[in-house]
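# A look at the structure
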Amino acid sequence: MFNRVLVANRGEVAVRVLRTLREMGISSVAVYSDADRDAPHVRMADSAYRLGPSPPRESYLNVARVLAAARESGADAVHPGYGFLAENHHFARALLEAGITFIGPPAAVIERLRRKTTAREIFAQSGVPILPGTLDSPTSLAEFASAAERIGYPVIIKPAVGGGGKGLQVVSSPAQLAAGVQACAREAQSAFGESAIYLEKYLEHARHLEIQVLADRHGEMLQLFERECSIQRRHQKIVEETPSPALTPTQRAELGAAALRAMSAAGYVNAGTVEFLLDERGRFYFLEVNSRLQMEHAITELTLGVDLVRKQIEIAAGRPLGLTQDSLAPRGHAIECRLYAETPARSFLPSPGTITHFAPAEGPFVRFEHALRVGAHLPRDYDPILGKLVVWAENRPAAIARMIRALEENVLLGVETSTELLIAIVGHDRFRAGAVHTQFIEDELTPFRSDELYSELAGAAYLVARGLERPGSGAPRASLEPHASAVPPSVARRESRQSSPRGGPPGKKPPRRCAGGEESAGRPAPSAWGLDATPKPGAGVSPGPWQTLARFGRTHKSGKRLRRSQ
């Protein structure tokens, strides 16, 4: 086993890996940019090394500086997390040449699979269905036009390398093709350093599924079942769950077998994910391979009881998996919501700022993975992810209820977040029914905007109701807890009325109007989000101050919440 492991990443994934290293008794090394000098992952590690200025290319993406830190620290292995250098074959090969273990697949495998056209060819040869498209990168607009006519519009143009939804261009007609090709090539060059692009048939209202795979160096390979990742914005996942409500046992077995067949052909080792699209007729098609740990790995861990980061480390150290396919039996249902510092009402623009109050959701089977602290500044240089809220329950309806409760209790002040959008998604009737697809947000959730004046009042009311002096005052965690369970419901209801953001006589909640209908002081009218306004059984209990005010206080530096636009 390794003596010292360097974590070549930042934020919540670095914290996640560091915790497993601590449990395994392995010395840990963090790296940081100038923006992250006081970040939680730096404080958690046994030692830390500066990489350089804040821009990623001068710090976390600088192979030479990360390699120098690994050598200087005496690390005998490097865990890349996800993002940054996680799928960089040059980095993996440089570590190998330096005698340092890369905790991930071999460099040759990363290089082979990072190019999506090559991965498509490997999977097609393994008998896995692939979407109609090109197996190479066309070099002229005429070639793109010919391929698009052959497979039929709409088509999607993609960078040949990279991920995260960057560069994707959906083209619905020949008139849009030239602009789509140019935009995709331009963004591919900017984001990934290569302008090579290719074309596939675009499936409308498809579901996005992925299979988690683990493989050791002794020839053992297992599939750890699927994750549903259909809820996306700008082609990037924001809500994931397992198991998928769409699959039959037969489809589940076929999907897992296809993933294993192709990953075996690719010579895969360590943890990886095979992604598929499922069309409206229940047919699946290979999409791409992520040769790394996925951000949504936590939901698989909760349903299987397997620490995937530990398995990654053990595999890299040469140990066998120690699991069999028959021993893996998913239990219950898990959901993950990615919380971003961004403004959904403004095309999901990042919302950098300073965290003034933070009270993470707690309770049974609730897990919030983050690297946040009061006073921390969220820089513009990095992805605006704040953390991942993950819940488990014995079945899907219970998991949905638990996730909504956790989102409502998760309080973060100082930056705008996507919390309200996530609540609208998870609480939507079609989500509850499992009827989701990759255009769910565009099709099901109406546009919305921020209400500046009301947000200021709501934020102030939240702070007053919770007994906080001012943002950033360093109030103890207890001051952010919901009212004690011993408080009688009548008192809770009275406190809710008296702490209404717009005041008014006791015993009466002043209504306010919004474009979607009447809205009470504590909760938006369901119709404003396209939700079913019919009260559910047992839903007649009046909300306490936590539900009434925290829903305003958690989304903005002043408590801003989102409302539907007119």
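Residues numbered from 1 in each chain as written. Predicted model: local features only at pLDDT ≥ 70, side-chain atom pairs only at ≥ 80, totals over all residues. Heavy atoms only, no water.

This part covers the nonpolar core. Within the largest apolar cluster, 39 residues are counted, with the highest numbers of intra-cluster contacts made by Ile231, Ile238, Val239, Ile425 and Phe431. Mapped onto this core, the elements with two or more residues apiece are β11 (236-242), β14 (333-340), β19 (366-370), β21 (385-393), α12 (396-409), α13 (419-426) and α15 (440-444). Built from parts of two domains, this core gets at least three residues from each of domain 3 (206-331) and domain 4 (338-456). Formed by 36 residues, the second largest nonpolar core is a distinct cluster that contains Val15, Leu222, Ile315 and Leu321. (Core = buried A, V, L, I, M, F, W, Y, C linked by side-chain atoms within 4.5 Å. Buried < 20%, exposed > 50% of the residue type's maximum accessible area, 1.4 Å probe, protein only. Helix = DSSP H or I, 4+ residues; strand = E, 2+ residues; numbered from the N terminus. Domains from an automatic or database assignment.)

The next subject is helix α9 (residues 249-265). Its 17 residues place the ends of α9 25 Å apart at the C-alpha level, agreeing with the 24 Å of an ideal helix rising 1.5 Å per residue. Those residues of α9 that fall on the buried side of the exposure criterion are Gln251, Arg252, Leu255, Gly256, Ala258, Ala259, Leu260, Ala262 and Met263. Where α9 is buried, its residues meet α6 (116-125), β9 (207-215), β10 (221-233), β12 (270-278) and β13 (284-290). Glycine 267 lies just past α9 and shows a positive phi near 70 degrees. (Expected span 1.5 Å × (residues − 1). Contact = heavy atoms within 4.5 Å.)

Here the focus is the pattern of salt bridges. Within the structure shown, the criterion is met by 33 salt bridges. For arginine 37, the salt bridge goes to aspartate 34, with nearest N and O atoms at 3.6 Å. For arginine 37, a relative accessible area of 44% translates into the label partly exposed. Where glutamate 369 meets lysine 388, a salt bridge forms, and the shortest distance between an N and an O atom there is 2.9 Å. You can see glutamate 369 sitting in strand β19 and its partner lysine 388 sitting in strand β21, a full 19 residues away along the chain. Here glutamate 369 and lysine 388 have matching classes, each one buried. Residues participating in the shared-partner salt-bridge network are Glu210, Arg227, Lys237, Glu240, Glu275, Glu296, Glu336 and Arg338. (Salt bridge = Lys/Arg side-chain N within 4 Å of Asp/Glu carboxyl O.)

With that settled, the discussion passes to the sheet that holds strand β3 (residues 47-52). Spatially, the 5 strands line up as an open sheet ordered β3-β2-β1-β4-β5, and their pairing is parallel. Each of the sheet's edge strands pairs with one partner strand only, and the pair in question is β3 and β5 (101-102). Pairing between strand β2 (residues 27-33) and β3: 5 bridges, direction parallel. Each residue of the ladder has a partner; that of valine 29, found in β3, is serine 47. (Pairing = 2+ DSSP bridges.)

A word on the packing of helix α4 (residues 89-97) against helix α5 (residues 107-114). Relative to each other, α4 and α5 sit at 170 degrees, their axes nearing to 8 Å. Classed by the angle they form, the pair α4 and α5 counts as roughly antiparallel. Across the interface between the two elements, His89, Ala92 and Arg93 from α4 touch Ala107, Ala108, Ile110, Glu111 and Arg114 from α5. In terms of residue class, the contact of α4 with α5 is built from 4 nonpolar, 1 polar and 3 charged. (Axes fitted to C-alpha atoms, helices over the stretch in contact; angles between N-to-C directions. Parallel < 35°, antiparallel > 145°, perpendicular 65-115°, else oblique. Nonpolar A, V, L, I, M, F, W, Y, C, P; charged D, E, K, R; others polar.)

Its location among the elements puts arginine 227 in strand β10. A distance of 2.7 Å separates polar atoms of two side chains, one belonging to arginine 227 and the other to glutamate 210. At 3.5 Å, the side chain of arginine 227 forms a polar contact with the side chain of threonine 273. Excluding anything up to four places from it in sequence, arginine 227 contacts His208, Leu209, Glu210, Gln212, Glu241, Thr242, Thr273, Gln294, Glu296, His297, Ile299 and Thr300. (Polar contact = N/O pair within 3.5 Å; in protein donor to acceptor, adjacent residues only side chain to side chain.)

Along the polypeptide, phenylalanine 144 turns up in helix α7 (residues 141-151). For the pair phenylalanine 144 and valine 181, spaced 37 residues apart in the sequence, the C-alpha separation amounts to 8.2 Å. Here phenylalanine 144 is in contact with Pro138, Ile157, Leu177, Val181, Ile197, Tyr198 and Leu199, once residues within four sequence places are set aside.

Right, let's talk about the confidence of the model for the protein chain for a bit. Residues with a pLDDT of 70 or more make up 79% of the protein chain, whose mean pLDDT is 82. Within the model, pLDDT remains below 50 along residues 448-566, and this stretch shows 227 contacts once partners closer than five positions in the same chain are excluded. (pLDDT = per-residue confidence, 0-100.)

Reading across from one edge, β7-β6-β8 is the order of the 3 strands in this open sheet, with antiparallel pairing throughout. Because the sheet does not close on itself, it has two edges, and the strands there are β7 (169-171) and β8 (197-201). Averaged over all adjacent pairs, the angle separating strand axes in this sheet is 25 degrees, with direction ignored. In terms of strand pairing, strand β6 (residues 155-159) meets β8 through 5 bridges, oriented antiparallel. Among the inter-strand pairings, valine 155 is bridged to a residue of β8, identified as lysine 201. In this fold α7 packs onto β6 and β8, with an angle of close to 15 degrees to the strand it touches most, β8.

For any pair of aromatic rings, the description consists of the separation of the ring centres together with the inter-plane angle of the planes. Evaluated as defined, the whole model comprises 8 aromatic pairs. Judged by centre distance (5.7 Å) and plane angle (75 degrees), the rings of tyrosine 60 and tyrosine 382 are edge-to-face. Residue tyrosine 60 is found in the loop between β3 and α3 (63-73), and its partner tyrosine 382 is found in the loop between β20 (377-378) and β21; the two are separated by 322 residues along the sequence. Using a relative accessible area of 1% as the deciding quantity, one classes tyrosine 60 as buried. (Phe/Tyr/Trp six-rings, centres within 6.5 Å; stacked < 30°, edge-to-face > 60°.)

This part takes up α12. Relative to the 20 Å expected for 14 residues at 1.5 Å per residue, α12 spans 20 Å between its end C-alpha atoms, a close match to the ideal helical length. With 10 of its 14 residues buried, α12 lies for the most part within the structure. Looking at α12, one finds that the buried residues are Arg396, Ala399, Ile400, Arg402, Met403, Ile404, Ala406, Leu407, Glu408 and Glu409. Looking at where α12 begins, the residue whose side-chain oxygen comes 2.9 Å from the main-chain nitrogen of alanine 398 is asparagine 395.

The buried fraction of β14 is high, at 8 of 8 residues. Note: β14 against β21, 8 bridges, orientation antiparallel. Across the sheet, histidine 333 pairs through a bridge with alanine 393, a residue of β21.

Note on placement: histidine 370 falls in strand β19. At 3.0 Å, the side chain of histidine 370 and the backbone nitrogen of leucine 372 are in polar contact. For histidine 370, the contacting residues outside a window of four places in its chain are Glu12, Val15, Phe358, Leu386 and Gly387.

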